Amino acid sequence: MSLFFGEQMAKDTEVGTEYAPKDYQDPPPAPLIDPEELGKWSFYRAIIAEFIATLLFLYITVLTVIGYKSQTDPDHNGEQCGGVGILGIAWAFGGMIFVLVYCTAGISGGHINPAVTFGLFLARKVSLVRAIMYMLAQCLGAICGCGLVKAFQKAYYVKYGGGANMLNDGYSTGTGLGAEIIGTFVLVYTVFAATDPKRNARDSHVPVLAPLPIGFAVFMVHLATIPVTGTGINPARSFGAAVIYGKDKAWDDQWIFWVGPFIGAAIAAFYHQFILRAGAVKALGSFRSNA
């Protein structure tokens with residue numbers, strides 16, 4: 001999911017070099033504003049890739065949710081144990097992330113999630129302009145993906161909640177917010193760990209396997225939090241479903257699915273960059289050497 005992950009693989013291929021653990025150096029941080037990238041086709045190609053990936057992600061996953069609810073509806077002679085169940089829904093979300101990250105990592109980095117983009121921006125892996133454009137593309141792709149589901153399942157879409165994220169009965173706002181923070185932390189922390197350039201330099205197999213743990217993180221978080229919030233951990237996913245569903249309940253809880261994931265992503269970025277990778281210690285050492 002990391003833009004750096006995809007671009008670094010391409011750069012290494014082009015120059016035919018490999019990082020050796022003994023001479024590894026951290027890549028330079030992305031500039032806050034990079035006017036040069038606005039004139040490159042690769043920038044716009046990456047935005048298109050994020051749009052299409054998020055569209056496909058929402059189409060498959062929301063369609064799975066709608067299908068499950070229709071198969072278990074007693075009014076349609078459905079059985080409570082019928083359909084794919086929560087396990088199947090979690091697999092749909094995790095599996096699609098695995099597939100789409102694998103397909104788009106070398107083009108856009110395979111973010112497919114504004115919270116992931118936000119975390120990578122805080123870690124200086126992407127520029128501000130790229131982060132904003134990615135988030136816009138992701139939200140637009142989510143809206144279009146949910147729109148396709150509604151077009152194909154018009155009779156069931158509104159009846160079964162449109163796949164929208166809502167705080168379920170019996171859970172407080174604080175519980176829902178906490179679930180989104182922790183769930184997104186697990187996801188973004190996994191993204192940082194799976195795409196860590198230092199780890200990739202040491203273990204050549206890591207870049208190839210990176211989409212797998214990221215997909216599994218999404219799968220595991222869904223298993224834990226579907227009963228609480230339906231599992232957001234992706235503001236674009238929650239926003240797109242709410243726009244097409246259009247009911248008040250989805251909008252009443254919408255802030256949870258933005259604030260929670262962004263807080264979780266920020267904590268994950270800080271934890272990985274400044275604690276695990278000792279960014280704070282390195283910065284202090286650099287400051288002392290220049291003093």
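All figures in this text were calculated on a predicted structure; none of them were measured in a lab.

*Asks:* Is there a simple way to think about the overall build of the protein in this case?
*Replies:* The secondary structure content of the protein amounts to 14 helices and 0 strands. Each helix and strand of the protein, placed in order from N terminus to C terminus, yields the pattern α-α-α-α-α-α-α-α-α-α-α-α-α-α. Across the 291 residues of the protein, 49% fall into the buried class. At a minimum sequence separation of 6, the contacts of the protein that also span at least 24 residues come to 80%. Accessible surface for the protein amounts to roughly 13,800 Å². Of this, 65% is attributable to carbon and sulfur atoms.

*Asks:* Help me out: how do you make sense of the environment of Val-158 in this one?
*Replies:* Of note, Val-158 is situated in the loop between helix 6 (154–157) and helix 7 (173–194). Residues Val-158 and Gly-246, spaced 88 residues apart in sequence, show a C-alpha to C-alpha distance of 9.0 Å. When residues no more than four places from it in sequence are discounted, the contact partners of Val-158 are Lys-150, Tyr-245 and Lys-247.

*Asks:* Would you explain the nonpolar core in this entry?
*Replies:* When a protein is soluble and globular, its nonpolar side chains tend to lie buried together. Core analysis: the biggest nonpolar cluster contains 48 residues, and Phe-57, Val-62, Cys-146, Tyr-157, Leu-187 and Ile-214 have the highest contact counts within it. Secondary structure elements with two or more residues in this core: helix 2 (41–71), helix 3 (85–104), helix 4 (114–122), helix 5 (128–152), helix 7, helix 10 (211–229), helix 11 (235–245) and helix 13 (256–276). Beyond its immediate sequence surroundings of up to four residues, Tyr-157 is in contact with Val-62, Ile-66, Cys-146, Val-149, Lys-150, Gly-162, Ala-241, Ile-244 and Tyr-245. In this structure, Ala-46, Ile-47, Tyr-134 and Ala-137 belong to the second largest nonpolar core, which totals 5 residues.

*Asks:* I keep staring at helix 10 and nothing clicks. Help me out?
*Replies:* Residue pairs three or four apart in sequence face the same way in an α-helix, which turns once every 3.6 residues. The largest bend in helix 10 comes to about 45 degrees, at Leu-223, with the proline Pro-227 one to four residues further on. Within helix 10 the residues assigned to the buried category are Pro-211, Ile-214, Gly-215, Ala-217, Val-218, Phe-219, Val-221, His-222, Thr-225, Ile-226, Val-228 and Thr-229. Positive backbone phi, at 80 degrees, marks Gly-230, one or two positions downstream of helix 10.

*Asks:* Would you take a moment to explain the pattern of salt bridges for this structure?
*Replies:* Any two side chains of opposite charge can pair, so long as their charged atoms come close to each other. On inspection of all chains with the given rule, the structure shows 2 salt bridges. Among the ionic pairs, Arg-130 bridges to Glu-37, the shortest N-O distance being 3.2 Å. Placement of Arg-130 in helix 5 and of Glu-37 in the loop between helix 1 (3–15) and helix 2 is noted, with a sequence separation of 93 residues between them. Of the two residues examined, Arg-130 and Glu-37, each falls in the buried class.

*Asks:* Could you clarify how one ought to interpret the packing of helix 7 against helix 13 in this entry?
*Replies:* For any two helices packed against each other, one specifies the crossing angle of their axes together with the interaxial distance. Viewed as axis vectors pointing N to C, helix 7 and helix 13 meet at an angle of 40 degrees, and their least axial separation amounts to 7 Å. In this view, helix 7 runs oblique relative to helix 13, as classed from their interaxial angle. Like other packed secondary-structure pairs, helix 7 and helix 13 cross with a definite hand, here right-handed. When its residues are assigned to classes, the contact of helix 7 with helix 13 shows 18 nonpolar, 7 polar and 1 charged.

*Asks:* Just checking my understanding: could you explain the side chain of Gln-254 for this structure?
*Replies:* As for its position among the elements, Gln-254 is in the loop between helix 12 (248–252) and helix 13. Given a relative accessible area of 6%, Gln-254 falls into the buried group. Those residues in contact with Gln-254 that lie beyond four places of it in its chain are Pro-235, Ser-238, Phe-239 and Ala-242.

*Asks:* So what exactly am I meant to see when it comes to the state of the cysteines here?
*Replies:* When the sulfur atoms of two cysteines share a covalent bond, that bond is a disulfide. Scanning the model with the defined rule gives 0 disulfides in all. Left without a disulfide partner, Cys-146 is nearest to the cysteine sulfur of Cys-144, which lies 9.6 Å away.

*Asks:* Looking at this structure, I do not really get a nonpolar patch on the surface. What am I missing?
*Replies:* A cluster of nonpolar side chains, Ile-86, Leu-87, Trp-91, Phe-98, Val-99, Leu-212, Phe-216, Met-220 and Leu-223, forms an exposed patch at the surface whose accessible area comes to about 770 Å². For the nonpolar patch, the elements supplying multiple residues, two or more each, are helix 3 and helix 10. Broken down by element, the nonpolar patch gets its largest block of residues, 5 residues, from helix 3. With respect to the secondary-structure elements, Leu-223 resides in helix 10.

*Asks:* Looking at this structure, how should I read the packing of aromatic side chains?
*Replies:* Within this structure, the stated rule accounts for 15 aromatic pairs. Relative to Tyr-44, the ring of Phe-43 has its centre 5.1 Å away and its plane inclined at 80 degrees; by these criteria the two rings are edge-to-face. A relative accessible area of 1% places Phe-43 in the buried class. Judged by centre distance (5.3 Å) and plane angle (70 degrees), the rings of Tyr-189 and Tyr-271 are edge-to-face. Linking Tyr-189 in helix 7 with Tyr-271 in helix 13, this pair joins segments that are 82 residues apart in sequence. Counting every residue linked through ring pairs, the aromatic cluster contains Phe-118, Phe-239, Trp-251, Trp-258 and Phe-262.

Rules and cut-offs
- Position labels on residues start from 1 in each chain and follow its written sequence.
- Local features in a predicted model are, by the rule used here, given only for residues with pLDDT of at least 70; side-chain atom pairs are given and counted only at 80 or more, and totals for whole chains, interfaces and linings are based on all residues.
- Excluding hydrogens and water, the side-chain figures rest on all heavy atoms present in the structure.
- Put simply, DSSP marks the helices as runs of H or I at least four residues long and the strands as runs of E at least two long, and each gets a number from the N terminus on.
- Residue burial is assigned from relative accessible area. The probe radius is 1.4 Å, only protein chains are included, and a residue is buried under 20% of its type maximum, exposed over 50%, and partly exposed in between.
- We call two residues in contact when some of their heavy atoms are within 4.5 Å.
- The accessible surface values rely on the Shrake-Rupley method and a 1.4 Å probe; as for residues, cover is taken only from the protein chains in view.
- By nonpolar core is meant a set of buried Ala, Val, Leu, Ile, Met, Phe, Trp, Tyr and Cys residues that side-chain atoms within 4.5 Å join together.
- The quantity called bend is, for any residue, the angle between two axes fitted respectively to the seven residues ending at it and the seven beginning at it.
- A side-chain nitrogen of Lys or Arg and a carboxyl oxygen of Asp or Glu constitute a salt bridge if their distance falls within 4 Å.
- Fitted lines through C-alpha atoms serve as axes, helices being fitted only where they are in contact, and the angles separating the N-to-C directions of these axes extend from 0 to 180 degrees.
- Angles below 35 degrees are treated as roughly parallel, those above 145 as roughly antiparallel, those between 65 and 115 as roughly perpendicular, and all remaining angles as oblique.
- Each crossing gets its hand from how the near helix is turned against the far one by less than a right angle, where anticlockwise is left-handed and clockwise is right-handed.
- Classification used: nonpolar for Ala, Val, Leu, Ile, Met, Phe, Trp, Tyr, Cys and Pro, charged for Asp, Glu, Lys and Arg, polar for all others including Gly.
- The rule for a disulfide is simple: a pair of cysteine sulfur atoms within 2.5 Å.
- A residue counts toward a patch only above 30% relative accessible area and without a salt bridge, and it is joined to like-charged neighbours within 9 Å or, for Val, Leu, Ile, Met, Phe, Trp and Tyr, to nonpolar neighbours within 5 Å.
- Only centres within 6.5 Å qualify two rings of Phe, Tyr or Trp (six-membered ring in Trp) as a pair; their planes then separate them into stacked at under 30 degrees, edge-to-face at over 60, and tilted for everything else.

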